[in-house]
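Read off the chains here:
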Amino acid sequence: MKARVIVTLKSAVLDPQGKAIEGALRSLGVAGVQSVRQGKVFDVELAGNDKVAAEGALKDACDKLLANTVIETYKVEFAD
Amino acid sequence: MKAAVLLFPGSNREGDAARALRLVTGKEPAVVWHAETELPQGTDLVVLPGGFSYGDYLRCGAIAARANIMTAVRAHAAKGGMVLGICNGFQILCEAGLLPGVLVRNAKLRFVCREVFLRVERADTAFTKAYRKGDLLRIPVAHGEGNYTADPATIQMLEAEGRVAFRYARVDGQIDEADGPNGAIHGIAGIYSDKLNVLGMMPHPENHVDPVVGPVDGRGLFESIAGALKAA
(Lines give C-alpha, C1' and ligand atoms only; values in the text may rest on other atoms or scores of the structure.)
Protein backbone atom coordinates (compact mmCIF):
# COMPACT_ATOMS: atom_id res chain seq x y z
CA MET A 1 0.00 0.00 0.00
CA LYS A 2 1.28 3.43 -0.85
CA ALA A 3 0.70 6.47 1.27
CA ARG A 4 1.76 10.06 1.17
CA VAL A 5 2.50 12.02 4.33
CA ILE A 6 2.38 15.79 4.00
CA VAL A 7 4.02 17.86 6.72
CA THR A 8 3.46 21.61 6.78
CA LEU A 9 4.25 24.43 9.14
CA LYS A 10 1.38 25.52 11.36
CA SER A 11 -0.22 28.67 10.05
CA ALA A 12 0.97 30.73 13.03
CA VAL A 13 4.63 29.83 12.37
CA LEU A 14 6.62 32.19 10.19
CA ASP A 15 8.09 30.53 7.11
CA PRO A 16 11.05 32.59 5.87
CA GLN A 17 11.86 30.00 3.19
CA GLY A 18 8.33 30.19 1.82
CA LYS A 19 8.56 33.99 1.86
CA ALA A 20 11.82 33.90 -0.11
CA ILE A 21 10.28 31.55 -2.69
CA GLU A 22 7.22 33.78 -2.88
CA GLY A 23 9.47 36.76 -3.60
CA ALA A 24 11.38 34.81 -6.25
CA LEU A 25 8.15 33.81 -8.00
CA ARG A 26 7.03 37.44 -8.04
CA SER A 27 10.34 38.56 -9.49
CA LEU A 28 9.99 35.89 -12.18
CA GLY A 29 6.70 37.47 -13.13
CA VAL A 30 4.54 34.47 -12.24
CA ALA A 31 1.08 35.99 -12.10
CA GLY A 32 -1.31 35.90 -9.19
CA VAL A 33 0.89 34.33 -6.50
CA GLN A 34 -0.46 35.57 -3.19
CA SER A 35 1.63 33.53 -0.78
CA VAL A 36 3.84 30.45 -0.61
CA ARG A 37 4.50 28.16 2.31
CA GLN A 38 6.99 25.34 2.10
CA GLY A 39 6.38 21.83 3.42
CA LYS A 40 7.62 18.27 3.09
CA VAL A 41 6.23 15.18 1.39
CA PHE A 42 7.07 11.59 2.35
CA ASP A 43 6.00 8.74 0.09
CA VAL A 44 5.77 5.65 2.22
CA GLU A 45 5.20 2.05 1.14
CA LEU A 46 3.52 -0.14 3.72
CA ALA A 47 3.18 -3.90 3.95
CA GLY A 48 -0.34 -5.35 3.78
CA ASN A 49 -3.66 -3.77 2.87
CA ASP A 50 -5.12 -2.84 6.24
CA LYS A 51 -5.82 0.85 5.89
CA VAL A 52 -6.76 1.37 9.53
CA ALA A 53 -3.53 -0.23 10.70
CA ALA A 54 -1.58 1.80 8.15
CA GLU A 55 -3.18 5.03 9.34
CA GLY A 56 -2.21 4.14 12.89
CA ALA A 57 1.36 3.34 11.90
CA LEU A 58 1.73 6.57 9.94
CA LYS A 59 0.30 8.66 12.77
CA ASP A 60 2.86 6.98 15.02
CA ALA A 61 5.61 7.76 12.49
CA CYS A 62 4.57 11.42 12.33
CA ASP A 63 4.31 11.88 16.08
CA LYS A 64 7.62 10.12 16.74
CA LEU A 65 9.73 11.48 13.91
CA LEU A 66 8.33 12.88 10.68
CA ALA A 67 6.77 16.01 12.16
CA ASN A 68 7.75 18.28 15.01
CA THR A 69 4.30 19.03 16.35
CA VAL A 70 5.55 22.16 18.11
CA ILE A 71 5.61 23.89 14.72
CA GLU A 72 4.25 21.42 12.17
CA THR A 73 1.03 19.61 11.31
CA TYR A 74 0.66 16.57 9.10
CA LYS A 75 -1.88 14.70 7.04
CA VAL A 76 -1.88 11.29 5.44
CA GLU A 77 -3.25 10.45 1.99
CA PHE A 78 -3.60 7.02 0.42
CA ALA A 79 -3.08 6.35 -3.26
CA ASP A 80 -6.07 4.39 -4.55
CA MET B 1 33.63 15.41 37.81
CA LYS B 2 33.04 12.88 35.10
CA ALA B 3 31.88 14.23 31.76
CA ALA B 4 30.65 12.37 28.70
CA VAL B 5 30.65 14.07 25.29
CA LEU B 6 28.22 12.39 22.90
CA LEU B 7 29.22 11.67 19.34
CA PHE B 8 26.66 11.35 16.56
CA PRO B 9 27.43 10.83 12.88
CA GLY B 10 27.98 14.39 11.67
CA SER B 11 28.90 15.92 15.04
CA ASN B 12 32.04 17.97 14.50
CA ARG B 13 32.62 20.00 17.67
CA GLU B 14 33.12 17.10 20.08
CA GLY B 15 36.88 17.65 20.08
CA ASP B 16 36.49 21.31 21.03
CA ALA B 17 33.95 20.52 23.75
CA ALA B 18 36.29 17.86 25.14
CA ARG B 19 39.25 20.22 24.93
CA ALA B 20 37.42 22.97 26.80
CA LEU B 21 36.45 20.54 29.55
CA ARG B 22 40.03 19.27 29.79
CA LEU B 23 41.48 22.77 29.80
CA VAL B 24 39.16 24.20 32.42
CA THR B 25 38.51 21.20 34.66
CA GLY B 26 41.74 19.25 34.23
CA LYS B 27 39.74 16.07 33.64
CA GLU B 28 39.52 14.13 30.41
CA PRO B 29 35.92 13.53 29.33
CA ALA B 30 34.71 10.29 27.81
CA VAL B 31 33.51 10.42 24.22
CA VAL B 32 30.39 8.27 23.87
CA TRP B 33 29.08 6.91 20.56
CA HIS B 34 25.37 7.42 19.87
CA ALA B 35 24.62 3.71 19.51
CA GLU B 36 25.64 2.99 23.11
CA THR B 37 22.76 2.30 25.46
CA GLU B 38 24.44 3.46 28.67
CA LEU B 39 26.55 6.36 29.84
CA PRO B 40 29.88 5.51 31.52
CA GLN B 41 29.44 4.64 35.20
CA GLY B 42 29.43 7.75 37.36
CA THR B 43 28.83 10.29 34.55
CA ASP B 44 27.71 13.57 36.09
CA LEU B 45 27.71 15.80 33.01
CA VAL B 46 26.56 14.96 29.49
CA VAL B 47 27.58 17.30 26.67
CA LEU B 48 25.87 17.24 23.27
CA PRO B 49 28.31 19.01 20.98
CA GLY B 50 27.75 21.12 17.89
CA GLY B 51 27.87 19.95 14.32
CA PHE B 52 25.47 18.62 11.75
CA SER B 53 24.27 15.29 13.12
CA TYR B 54 22.87 13.16 10.30
CA GLY B 55 23.54 16.00 7.89
CA ASP B 56 20.61 17.97 9.36
CA TYR B 57 18.35 15.56 7.45
CA LEU B 58 14.61 15.83 8.14
CA ARG B 59 15.06 18.62 10.76
CA CYS B 60 18.18 19.69 12.65
CA GLY B 61 18.74 17.23 15.49
CA ALA B 62 15.60 15.21 14.73
CA ILE B 63 17.29 11.89 14.01
CA ALA B 64 19.98 12.20 16.68
CA ALA B 65 17.24 12.88 19.23
CA ARG B 66 15.96 9.33 18.63
CA ALA B 67 19.39 7.65 19.01
CA ASN B 68 19.89 4.84 21.53
CA ILE B 69 22.03 6.88 23.88
CA MET B 70 19.27 9.47 24.30
CA THR B 71 17.26 7.06 26.45
CA ALA B 72 20.18 7.04 28.89
CA VAL B 73 20.47 10.84 28.65
CA ARG B 74 16.77 11.17 29.49
CA ALA B 75 17.20 8.96 32.54
CA HIS B 76 20.30 10.95 33.59
CA ALA B 77 18.39 14.24 33.27
CA ALA B 78 15.35 12.86 35.11
CA LYS B 79 17.62 12.03 38.06
CA GLY B 80 18.82 15.65 38.10
CA GLY B 81 22.06 14.98 36.20
CA MET B 82 23.57 17.90 34.31
CA VAL B 83 23.18 18.08 30.52
CA LEU B 84 24.66 20.76 28.25
CA GLY B 85 23.66 21.01 24.60
CA ILE B 86 25.58 23.40 22.37
CA CYS B 87 24.32 24.47 18.94
CA ASN B 88 23.29 21.22 17.24
CA GLY B 89 23.24 19.79 20.78
CA PHE B 90 20.58 22.38 21.71
CA GLN B 91 18.58 21.41 18.61
CA ILE B 92 18.83 17.74 19.63
CA LEU B 93 17.64 18.48 23.20
CA CYS B 94 14.59 20.34 21.83
CA GLU B 95 13.81 17.54 19.39
CA ALA B 96 14.19 15.00 22.19
CA GLY B 97 11.69 16.90 24.33
CA LEU B 98 14.27 17.54 27.07
CA LEU B 99 13.80 21.25 26.44
CA PRO B 100 10.65 22.95 25.13
CA GLY B 101 10.34 24.77 21.81
CA VAL B 102 12.29 24.42 18.62
CA LEU B 103 15.05 26.07 16.59
CA VAL B 104 13.96 27.06 13.12
CA ARG B 105 15.67 28.64 10.13
CA ASN B 106 17.35 31.98 10.84
CA ALA B 107 14.93 34.82 10.12
CA LYS B 108 17.18 36.25 7.42
CA LEU B 109 17.86 32.79 5.96
CA ARG B 110 21.62 33.18 6.28
CA PHE B 111 24.11 30.97 8.03
CA VAL B 112 25.53 33.26 10.70
CA CYS B 113 29.12 32.81 11.83
CA ARG B 114 30.34 35.61 14.06
CA GLU B 115 30.89 36.73 17.60
CA VAL B 116 27.86 37.95 19.54
CA PHE B 117 27.26 39.48 22.95
CA LEU B 118 25.41 37.21 25.33
CA ARG B 119 23.73 38.60 28.40
CA VAL B 120 23.77 36.32 31.44
CA GLU B 121 20.17 36.29 32.69
CA ARG B 122 20.87 34.63 36.02
CA ALA B 123 24.05 33.66 37.82
CA ASP B 124 22.61 31.29 40.42
CA THR B 125 22.52 28.08 38.39
CA ALA B 126 25.07 25.27 38.21
CA PHE B 127 26.04 26.55 34.75
CA THR B 128 26.54 30.23 35.52
CA LYS B 129 27.78 30.69 39.11
CA ALA B 130 31.15 31.95 37.87
CA TYR B 131 29.42 34.88 36.15
CA ARG B 132 27.37 37.77 37.44
CA LYS B 133 23.80 38.48 36.39
CA GLY B 134 23.88 40.94 33.52
CA ASP B 135 27.45 40.08 32.46
CA LEU B 136 27.98 40.48 28.73
CA LEU B 137 29.97 37.60 27.24
CA ARG B 138 31.72 37.62 23.89
CA ILE B 139 30.91 34.21 22.42
CA PRO B 140 30.75 33.09 18.78
CA VAL B 141 27.74 31.65 17.00
CA ALA B 142 27.81 29.51 13.85
CA HIS B 143 24.43 28.25 12.71
CA GLY B 144 21.75 28.38 10.05
CA GLU B 145 18.89 27.23 12.28
CA GLY B 146 19.17 29.05 15.58
CA ASN B 147 15.93 30.98 15.61
CA TYR B 148 14.36 29.85 18.87
CA THR B 149 10.60 29.76 18.96
CA ALA B 150 7.75 28.15 20.88
CA ASP B 151 4.05 28.76 21.37
CA PRO B 152 3.18 31.90 23.38
CA ALA B 153 2.22 29.92 26.50
CA THR B 154 5.62 28.21 26.55
CA ILE B 155 7.49 31.49 26.09
CA GLN B 156 5.46 33.04 28.88
CA MET B 157 6.24 30.07 31.14
CA LEU B 158 9.99 30.21 30.36
CA GLU B 159 10.05 33.93 31.18
CA ALA B 160 7.92 33.57 34.33
CA GLU B 161 10.05 30.70 35.64
CA GLY B 162 13.35 32.43 34.88
CA ARG B 163 14.38 29.72 32.46
CA VAL B 164 16.05 31.94 29.88
CA ALA B 165 19.78 31.39 30.41
CA PHE B 166 21.28 33.81 27.89
CA ARG B 167 19.99 36.43 25.45
CA TYR B 168 21.61 37.98 22.41
CA ALA B 169 22.37 41.55 23.42
CA ARG B 170 23.73 44.72 21.93
CA VAL B 171 27.06 46.01 23.19
CA ASP B 172 25.14 48.21 25.66
CA GLY B 173 23.43 45.14 27.12
CA GLN B 174 20.01 45.96 25.66
CA ILE B 175 18.03 43.24 23.90
CA ASP B 176 16.97 43.91 20.33
CA GLU B 177 15.33 40.94 18.62
CA ALA B 178 15.75 42.46 15.18
CA ASP B 179 19.42 43.07 15.81
CA GLY B 180 20.12 39.49 16.95
CA PRO B 181 21.86 36.92 14.76
CA ASN B 182 18.82 34.78 13.99
CA GLY B 183 15.52 36.40 14.94
CA ALA B 184 15.02 34.32 18.11
CA ILE B 185 11.98 35.41 20.11
CA HIS B 186 12.90 37.68 23.07
CA GLY B 187 16.52 37.31 21.94
CA ILE B 188 16.65 33.86 23.51
CA ALA B 189 20.06 32.24 23.02
CA GLY B 190 19.80 29.52 25.66
CA ILE B 191 17.22 27.98 27.99
CA TYR B 192 17.06 25.74 31.04
CA SER B 193 14.87 22.77 31.85
CA ASP B 194 12.37 23.16 34.69
CA LYS B 195 14.87 21.86 37.25
CA LEU B 196 17.70 23.99 35.79
CA ASN B 197 19.88 20.91 35.26
CA VAL B 198 19.60 20.88 31.46
CA LEU B 199 20.94 23.83 29.45
CA GLY B 200 20.70 24.26 25.70
CA MET B 201 22.37 27.17 23.93
CA MET B 202 23.15 28.09 20.34
CA PRO B 203 26.45 29.96 20.90
CA HIS B 204 29.74 28.13 21.40
CA PRO B 205 31.30 28.79 24.83
CA GLU B 206 33.88 26.07 24.10
CA ASN B 207 35.39 28.34 21.42
CA HIS B 208 36.43 31.00 23.89
CA VAL B 209 38.35 29.25 26.62
CA ASP B 210 41.99 29.73 25.56
CA PRO B 211 43.78 33.12 25.52
CA VAL B 212 45.81 31.91 22.53
CA VAL B 213 42.58 32.05 20.50
CA GLY B 214 41.13 35.27 21.90
CA PRO B 215 38.59 36.10 24.59
CA VAL B 216 38.03 33.55 27.35
CA ASP B 217 34.45 34.46 28.20
CA GLY B 218 33.32 30.85 27.74
CA ARG B 219 35.51 29.56 30.58
CA GLY B 220 33.05 30.65 33.24
CA LEU B 221 30.47 28.17 32.03
CA PHE B 222 32.83 25.22 32.40
CA GLU B 223 34.23 26.58 35.67
CA SER B 224 30.67 26.88 37.00
CA ILE B 225 29.88 23.28 36.06
CA ALA B 226 33.11 22.01 37.62
CA GLY B 227 32.41 24.00 40.78
CA ALA B 228 28.85 22.76 41.05
CA LEU B 229 29.88 19.14 40.59
CA LYS B 230 32.72 19.44 43.09
CA ALA B 231 30.33 20.87 45.65
CA ALA B 232 27.75 18.15 45.03
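Rules behind the numbers
- Residues numbered from 1 in each chain as written.
- Chains lettered and ligands numbered in written order.
- Predicted model: local features only at pLDDT ≥ 70, side-chain atom pairs only at ≥ 80, totals over all residues.
- Helix = DSSP H or I, 4+ residues; strand = E, 2+ residues; numbered from the N terminus.
- Rg over C-alpha atoms; globule rule 2.2 N^0.38 Å.
- Contact = placed C-beta atoms within 7 Å.
- Pairing = 2+ DSSP bridges.
- Axes fitted to C-alpha atoms, helices over the stretch in contact; angles between N-to-C directions.
- pLDDT = per-residue confidence, 0-100.
- Nonpolar A, V, L, I, M, F, W, Y, C, P; charged D, E, K, R; others polar.
- Buried ≥ 20, exposed ≤ 12 C-beta atoms within 10 Å, placed from the backbone.

Caption draft 1: Summary view of the overall build of chain A. Assigned secondary structure in chain A consists of two helices and three strands. Relative to the compact-globule value of 12 Å for 80 residues, chain A shows a C-alpha radius of gyration of 16 Å, a clear excess of over 25%. Summarising its shape, the C-alpha atoms of chain A cover approximately 45 × 30 × 15 Å along the three principal directions. Residue pairs in contact within chain A that sit at least 24 positions apart in sequence constitute 68% of those at least 6 positions apart.

Caption draft 2: Seen up close, the sheet that holds strand 4 (residues 82-86) of chain B. Residues and elements named next belong to chain B. One open sheet accounts for nine strands, arranged 2-1-3-4-11-10-9-6-7; its pairing is mixed. With one partner strand each, in any of the chains shown, strand 2 (30-33) and strand 7 (136-143) form the two edges of the open sheet. Between one strand axis and the next, the sheet turns through 25 degrees on average, direction left out of account. Bridging between strand 4 and strand 11 (residues 198-201) involves four bridges; their strand directions are parallel. Looking at strand 11, one finds that I86 is bridged to M201. The strands touched by helix 1 (residues 14-25) within the sheet are strand 1 (3-7), strand 2, strand 3 (45-48) and strand 4, with strand 1 carrying the most contacts at an inclination of about 170 degrees.

Caption draft 3: Main features of the confidence of the model for chain B. Put simply, chain B has an average pLDDT of 96, and 100% of its residues get 70 or more. Here the prediction assigns the complex a pTM of 0.94, and the interface score ipTM is 0.85.

Caption draft 4: Structural view of the pairing of strand 1 (residues 2-9) of chain A. All names here are of chain A. Pairing of strand 1 with strand 2 (residues 39-45), which is carried by seven bridges, proceeds in the antiparallel orientation. When the sheet's bridge partners are listed, R4 is paired in strand 2 with D43. Pairing between strand 1 and strand 3 (residues 72-78): seven bridges, direction antiparallel. Within strand 3, the position partnered with V7 by the bridge is Y74.

Caption draft 5: Just the environment of F117(B), in detail. Residues and elements named next belong to chain B. With respect to the helices, strands and loops of the structure, F117 is situated in strand 6 (residues 112-120). For the pair F117 and L58, spaced 59 residues apart in the sequence, the C-alpha separation amounts to 31 Å. Excluding anything up to four places from it in sequence, F117 contacts L136, R138, A169, R170 and V171.

Caption draft 6: Quick look at the sheet that holds strand 1 of chain A. All names here are of chain A. If you trace the three strands from one edge of the open sheet to the other, you get 2-1-3, paired in antiparallel fashion. Whereas interior strands pair on both sides, the edge strands pair on one side only; in this sheet they are strand 2 and strand 3. Taken pair by pair, the neighbouring strands of this sheet meet at an average axis angle of 20 degrees, ignoring direction.

Caption draft 7: Examining the interface of chain B and chain A more closely. With eleven residues of chain B in contact, the opposing surface of chain A contributes seven residues. Looking at the side of chain B that touches chain A, its residues break down into six nonpolar, one polar and four charged.

Caption draft 8: How the structure looks around the environment of V116(B). All names here are of chain B. Tracing the sequence through the fold places V116 in strand 6. On the neighbour-count criterion, V116 (22 C-beta atoms within 10 Å) is buried. In this structure, the C-alpha to C-alpha distance between V116 and L136, residues 20 residues apart in sequence, is 9.5 Å. Here V116 is in contact with I139, V141, Y168, P181 and P203, once residues within four sequence places are set aside.

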